[in-house]
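Here are the chains, one letter per residue:
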Amino acid sequence: SGVSPVSPSVQPSKCTIAISFVGFGIVMLFYSFFKTLVGKEVAVELKNNVVLTGKLHSVDQYLNIKLSDVQVVDKSRYPQLLALKNCFIRGSVVRYIQIPPGEVDTELLQDAARKENAPAAVSSKA
Amino acid sequence: MASTLSEWKDKQVCVITCDGRSIFGILAGYDQLQNLILKEASERVYSPDADPESVPLGLYVIRGDNVAIISDRDEDLEASTGISSVRAEPLESVVQNVG
């Protein structure tokens, strides 16, 4: 499997992740991506329209998510969820995961996704 | 880093199901598909016009397909937010396969 050369201005942690992105199959790409976000604040919107914010505690291969220190957005609509503290969210019910823009190198992610979809194409970077 | 339910085994949990129900109970067992066994389970039915009603269910098995959220219960947080007496619209159901 090819390793994409990364410019020296990219932080070391993102270098490592770029290499591991290319190494895994497409199934693992977003799992790897979310593993880099563990400890960050995210907002998870579920398919029943509930939005929960919290710290990403862990993620698994099905993109099930564990959040710690959870807060429900729109507390007046969902008061029954006010006492949630740490929760496990089944991957199949997630609609969106909102991440802080500074935490993701979108170009790197797009590149990795593109490479997974065109393994036969030769990627040349100066 | 795997997301497992092991830290909540034999603890009080609240399960939000895909049809919007809140089921409380002790997590007696689980598997990788989030099939759950709850002991001393009860459903708390919320309504905008009346106080919440607690329906005892006993020993319950929930198929993982129907699980949306599993959460631990913090007694102090529940007391301070008063959720056992709050009035609320029922949660919407999870819509799968939106057209």
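Up top you'll find the structure we're talking about.
Please read these numbers as outputs of a predicted model, since none were measured by experiment.

## Focus: the pattern of salt bridges
Throughout the structure, instances matching the rule amount to 12 salt bridges over all chains. The residue R114 of chain A makes a salt bridge to D111 of chain A at a minimum N-O spacing of 3.0 Å. Pair noted here: R114 of chain A and D111 of chain A are both in helix 3 (residues 106-117), with a separation of three residues, about one helical turn. Judged by relative accessible area, R114 of chain A falls into the partly exposed class, the value being 49%. A relative accessible area of 19% means that D111 of chain A is categorised as buried. One salt bridge in this structure joins D10 of chain B and K9 of chain B, with 3.7 Å as the shortest N-O distance. Note on D10 of chain B: relative accessible area 48%, which makes it partly exposed.

## Observations regarding helix 3 of chain A
For helix 3 of chain A, with 12 residues, the first-to-last C-alpha span of 17 Å sits near the 16 Å given by 1.5 Å per residue. Residues L108, L109, D111, A112, A113 and E116 of chain A constitute the buried set of helix 3 of chain A.

## Notes on the environment of R77 of chain A
Relative to the assigned elements, R77 of chain A resides in the loop between strand 3 (65-72) and strand 4 (87-89). The spatial distance from the C-alpha of R77 of chain A to the C-alpha of V50 of chain A is 9.3 Å, given a sequence separation of 27 residues. A distance of 3.4 Å separates a polar atom in the side chain of R77 of chain A from the backbone oxygen of P90 of chain B.

Procedures and definitions
Residues numbered from 1 in each chain as written. Chains lettered and ligands numbered in written order. Predicted model: local features only at pLDDT ≥ 70, side-chain atom pairs only at ≥ 80, totals over all residues. Heavy atoms only, no water. Salt bridge = Lys/Arg side-chain N within 4 Å of Asp/Glu carboxyl O. Helix = DSSP H or I, 4+ residues; strand = E, 2+ residues; numbered from the N terminus. Buried < 20%, exposed > 50% of the residue type's maximum accessible area, 1.4 Å probe, protein only. Expected span 1.5 Å × (residues − 1). Polar contact = N/O pair within 3.5 Å; in protein donor to acceptor, adjacent residues only side chain to side chain.

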